[in-house]
Amino acid sequence: MIATYTETQGRVLISPSILSADFARLADDIRKVETEADWLHIDVMDGMFVPNITIGPPVVASIRKHTALPLDVHLMIADPDRYVEAFVAAGADLVTVHAEACTHLDRVLQHIRSLGAGAGVSLNPATPLTAIEEVLDRVDLVLLMTVNPGFGGQKFIPSMMDKIRRLRAQAEHAGYAFHIQVDGGIGPANAREIYVAGADVLVAGNSIYGDADPAEACRRLRGLACES
Ligand code: DX5
Ligand code: ZN
């Protein structure tokens, strides 16, 4: 299980995305961030919901054997309810599904929690916050995509900064305690502004694995985000 927002409040959590790692040397690349990362972000793509294909439950099960980090599994797949059980059985601590990919979002989120994992819901950049308004009282995390999902190394969409602010304000107003995670184009240049806007979990692929020293890149991101 992942730590709750209440447990980690005041801290920034770094979740390196292995999408930018070397898939043929995955265990080595995970070890590089093990001591500095809070979670490990695993991007699952099906070639339907997004125009790319990555990995499935067997790879998650193999990763589980090589790291003690909580596994943060981001499902960019159509009708994800079909696979949540397989990913939790493989070792996912948090399963995040896209609101756009679920006909019965509430049912899928309940299903994830019933399996003992944290339940996350994600929105593409063009999907308004109102799409998840009715489930906000029962999610562990909201993932705001800050690029269009499918690929690493894209540019942060500037208007997402205000979306983060509005979601944090909404959570504070209602007294909800979910993590706000952001994913896409996060790096040293925008980490501070994103954290101040209200996101507490930063996913980063290219800015961590594109660095010669991924552990140092995690440290730097955390320091920049949380500096006072
Ligand atoms: C994109 C994925 C991201 C990706 C982010 O669809 O969900 O997790 O790895 O990559 P960067 O940090 O390189 O933008
Ligand atoms: Zn992701």
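Before reading further, recall that the structure is shown in the block above.
Everything numeric here is computed off the predicted structure, so don't read it as measured data.

(A) Local environment of the overall build of the protein. The helix and strand inventory of the protein stands at nine helices and eight strands. In terms of overall dimensions, the protein is globule-like: its C-alpha atoms have a radius of gyration of 16 Å, near the 17 Å expected for 228 residues. Its C-alpha atoms give the protein principal-axis dimensions of roughly 45 × 40 × 35 Å. Here the protein holds 228 residues, and the buried ones make up 54% of them.

(B) Focus on the coordination of the zinc ion (ligand 2). Every protein donor of the zinc ion (ligand 2) is accounted for by H41 (NE2), D43 (OD), H74 (ND1) and D183 (OD), and the metal-donor separations fall at 2.0 to 2.3 Å. Given six donor atoms and angles of 70 to 168 degrees at the metal, the environment of the zinc ion (ligand 2) is assigned as octahedral.

(C) View of the layout of surface pockets. Its boundaries defined by the atoms lining it, the largest pocket holds a volume of some 270 Å³. Taken together, the elements giving at least two residues each to the lining of the largest pocket come down to β2 (40-45), β3 (71-76), β8 (201-204) and α8 (206-209). Grouping the amino acids of the lining of the largest pocket by side-chain chemistry returns ten nonpolar, 13 polar and two charged.

(D) Representation of the nonpolar core in the model. Core analysis: the largest hydrophobic core is formed by 66 residues, its most contacted members being I18, V97 and L202. Element by element, the count of residues in this core is highest for helix α6 (residues 160-174), at five residues. In contact with I18, not counting residues within four places along its chain, are F23, L26, I30, L40, H41, I42, I55, I63 and Y209. With nine residues, the next largest nonpolar core counts I2, L13, W39 and V201 among its residues.

(E) Quick look at helix α2 (residues 26-33). Here α2 has its buried residues at L26, D29, I30 and V33. When α2 is viewed along its axis, its buried side chains cluster within an angular range of 100 degrees and face the same direction. In this fold, the buried residues of α2 make contact with β1 (13-16), β2, α3 (57-66), α8 and α9 (214-226).

(F) Local environment of the sheet that holds strand β4 (residues 94-98). Judged by pairing direction, the sheet is parallel, and its eight strands sit side by side in the order β1-β8-β7-β6-β5-β4-β3-β2 without closing on themselves. Both outer strands of the open sheet, β1 and β2, are each paired with one neighbouring strand and no more. With direction set aside, neighbouring strand axes in the sheet form an average angle of 25 degrees. Of the strand pairs in this sheet, strand β5 (residues 118-123) and strand β6 (residues 141-145) are connected by four bridges, and their pairing is parallel. Looking at the pairing, G120 lines up with L141 of β6. Along the sheet face, helix α5 (residues 105-114) touches β4 and β5 and points at about 145 degrees away from the line of β5.

(G) Structural context of the site of ligand 1. Neighbouring ligand 1 are 20 residues; S17, D43, G150, D183 and G205 lie closest to it. Contact distances for ligand 1 include 2.7 Å between an oxygen atom and a side-chain N or O atom of S17. A distance of 2.8 Å separates an oxygen atom of ligand 1 from a polar atom in the backbone of G185. When the free accessible area of ligand 1 is taken as 380 Å², the share hidden by the protein chains comes to 99%.

(H) Structural view of the pattern of salt bridges. Evaluation of the coordinates by the stated rule reveals 17 salt bridges. Between R165 and E193 there is a salt bridge, with the nearest N and O atoms lying 3.9 Å from each other. Of this pair, R165 sits in helix α6 while E193 sits in helix α7 (residues 191-197), and the two are 28 residues apart along the sequence. R165 sits in the partly exposed class, given a relative accessible area of 38%. A salt bridge links D200 to R168; the nearest nitrogen and oxygen atoms lie 3.5 Å apart. Of this pair, D200 sits in the loop between α7 and β8 while R168 sits in helix α6, and the two are 32 residues apart along the sequence. Comparing D200 with R168, the two get one shared label, buried. Because the salt bridges share partners, they merge into one network encompassing D162, R165, R166 and E193.

Rules used in this analysis
Residues numbered from 1 in each chain as written. Chains lettered and ligands numbered in written order. Predicted model: local features only at pLDDT ≥ 70, side-chain atom pairs only at ≥ 80, totals over all residues. Heavy atoms only, no water. Helix = DSSP H or I, 4+ residues; strand = E, 2+ residues; numbered from the N terminus. Rg over C-alpha atoms; globule rule 2.2 N^0.38 Å. Buried < 20%, exposed > 50% of the residue type's maximum accessible area, 1.4 Å probe, protein only. Donors = N, O, S within 2.8 Å, 3.2 Å for Na, K, Ca; no water. Tetrahedral: all angles 85-135°; square planar, octahedral: opposite > 155°, others 65-115°. 1 Å grid on protein atoms, 1.4 Å probe; cavity = no way out; pocket = protein on both sides within 12 Å on 5 of 7 lines; lining within 4 Å. Points joined across faces, edges and corners; volume = space filled by probe spheres on them. Nonpolar A, V, L, I, M, F, W, Y, C, P; charged D, E, K, R; others polar. Core = buried A, V, L, I, M, F, W, Y, C linked by side-chain atoms within 4.5 Å. Contact = heavy atoms within 4.5 Å. Arc of directions from axis to C-beta. Pairing = 2+ DSSP bridges. Axes fitted to C-alpha atoms, helices over the stretch in contact; angles between N-to-C directions. Near = heavy atom within 4 Å. Polar contact = N/O pair within 3.5 Å; in protein donor to acceptor, adjacent residues only side chain to side chain. Areas by Shrake-Rupley, 256 points an atom, 1.4 Å probe, with all protein chains shown as cover. Salt bridge = Lys/Arg side-chain N within 4 Å of Asp/Glu carboxyl O.

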